[in-house]
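Structure assessment
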Amino acid sequence: MSSNETPRGPVDSSRVPRYAGPATFARLPRLDEVGTADVAVVGVPFDSGVSYRPGARFGGNAIREASRLLRPYNPAQDASPFALAQVADGGDIAVNPFNINEAVETIEAAADDLLGTGARLMTLGGDHTIALPLLRSVAKKHGPVALLHFDAHLDTWDTYFGAEYTHGTPFRRAVEEGILDTSALSHVGTRGPLYGKQDLTDDEKMGFGIVTSADVYRRGADEVADQLRQRIGDRPLYISIDIDCLDPAHAPGTGTPEAGGMTSRELLEILCGLAGCNLVSADVVEVAPAYDHAEITSVAASHTAYELTTIMSRRIAAARKDAEAK
Ligand SMILES: N=C(N)NCCCC(=O)O
Ligand SMILES: [Zn+2]
Ligand SMILES: [Zn+2]
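About the thresholds
Residues numbered from 1 in each chain as written. Chains lettered and ligands numbered in written order. Predicted model: local features only at pLDDT ≥ 70, side-chain atom pairs only at ≥ 80, totals over all residues. Heavy atoms only, no water. Helix = DSSP H or I, 4+ residues; strand = E, 2+ residues; numbered from the N terminus. Contact = heavy atoms within 4.5 Å. Donors = N, O, S within 2.8 Å, 3.2 Å for Na, K, Ca; no water. Buried < 20%, exposed > 50% of the residue type's maximum accessible area, 1.4 Å probe, protein only. Pairing = 2+ DSSP bridges. Right-handed = clockwise from strand over helix to strand, strands pointing away. UniProt positions renumbered as here; feature names shortened; annotations may be inferred. Polar contact = N/O pair within 3.5 Å; in protein donor to acceptor, adjacent residues only side chain to side chain.

1. A few points about the environment of G189
On the secondary structure map, G189 appears in strand 5 (residues 180–190). Non-local contacts of G189, meaning those with residues more than four positions away in its chain, are made with D151, A152, V211, T212, S213 and M262.

2. Considerations on the coordination of the zinc ion (ligand 3)
Binding of the zinc ion (ligand 3) to the protein goes through H128 (ND1), D151 (OD), D155 (OD) and D242 (OD), at separations of 2.0 to 2.1 Å. Each donor residue of the zinc ion (ligand 3) lies on the same chain, and together they follow the pattern H-x22-D-x3-D-x86-D. Between the zinc ion (ligand 3) and the zinc ion (ligand 2), both coordinated by D151, there is a metal-metal distance of 3.2 Å. Neither D151 nor D155 differs from the other in exposure class; each is buried.

3. Remarks on the coordination of the zinc ion (ligand 2)
Taken together, the protein ligands of the zinc ion (ligand 2) are D151 (OD), H153 (ND1), D242 (OD), D244 (OD) and D244 (OD), with distances of 2.1 to 2.4 Å. Each donor residue of the zinc ion (ligand 2) lies on one chain, and together they are spaced D-x1-H-x88-D-x1-D.

4. Brief notes about the pairing of strand 5
Judged by how many residues are buried, strand 5 sits mostly within the fold: nine of eleven residues are covered. Examined bridge by bridge, strand 4 (residues 145–150) and strand 5 share five bridges and lie parallel to one another. By the bridge assignment for strand 5, H149 is matched with H187. Following the backbone out of strand 4, through helix 6 (residues 170–176) and into the adjacent parallel strand 5, one traces a crossover that is right-handed. Bridge count for strand 5 against strand 6 (residues 208–212) is five bridges, and the pairing is parallel. Bridge pairing links S186 to G209 in strand 6.

5. Focus on the side chain of S186
Within the secondary structure, S186 is located in strand 5. Classification of S186 as buried rests on a relative accessible area of 5%. With near-sequence residues (within four places) excluded, S186 lies in contact with L147, L148, H149, F208, G209, L228 and R231.

6. Some remarks on the UniProt feature "binding site: Mn(2+)" (unreviewed entry) in the protein
Residues given the UniProt feature "binding site: Mn(2+)" (unreviewed entry) here are H128, D151, H153, D155, D242 and D244. Separation in sequence by 117 residues is not matched in space for these annotated residues, since their most distant C-alpha atoms are only 12.0 Å apart. Among the structural elements, D151 can be located in the loop between strand 4 and helix 6. Under the relative-accessibility criterion, D151 is labelled buried at 0%. With near-sequence residues (within four places) excluded, D151 lies in contact with H128, V188, G189, T190, D242, D244 and C245. A distance of 2.8 Å separates the side chain of D151 from the backbone nitrogen of H153, its partner in a polar contact. The residue H153 is located in the loop between strand 4 and helix 6 in this model. Excluding residues that lie within four positions of it along the chain, H153 makes contacts with D242, D244, T256 and E258.

Structural data, given as structure tokens:
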């Protein structure tokens, strides 16, 4: 979208009931209806990398359905994200459910195409395996990126059953491949049992800092967001959000739930506190609707994606304004 074009926004829910018609994220136009977008929301229906309950392949569409209730003005960030930039729904990446290596390649290639158009990506998973090919693609464009990883789990384990590409291993692979900026890596929401203390030693050696879910509870969202922002600075940032960072009370619909998690309010508050960061792409993963109730998880995920999209749109609008002033 050039700076003098007005973005095409969501369907007006005061004219067309919000439960009518096929779902796109936030009732936004499809990418093929607008040509190119500043932010492309894309589904990745892949869950062949899970170690426990399957079903995250249905996550993207569940989030789209739940996102019908989002509205165009975001008071928490005082911004209308879909007016500041063109956000559009790019549909789903068609990935092979029977061949993980091929799926990982397909996701990377599709992300390359989308990022090549100048769009930032807001990906709806899918299990956490998909973060690796997305990071590969983002790093091709921006170089090694800062990573903020919201999750109950470290996801820096080595292999499962000898498999390198699983939902428990994407960030170890990413560090090995040199696609992360190891001076700015943080897990947030970490908790629960590990295989051994060595998991933490290995993780620290890779460069990660940990903000546990108890830290968030004790120190509060604002302080945590301030600390994260300082660590990230203006580096290109990728945010990966495993919905199991939330307590199972706030996100029952997920594959590997762990007790003692953050509230959805804490997560959303931390995200708002990250406004201004150079968020180049993000994912929300591990929503498994078969275990959900009353769309609790997919509503939380839709609001999470909305905050992330708002951070991106604001950043795009600010950059445009700067460019015009020059
Ligand atoms: N990425 C998620 N959600 N879970 C990883 C859990 C890996 C394990 O079963 O130990
Ligand atoms: Zn997890
Ligand atoms: Zn994860």
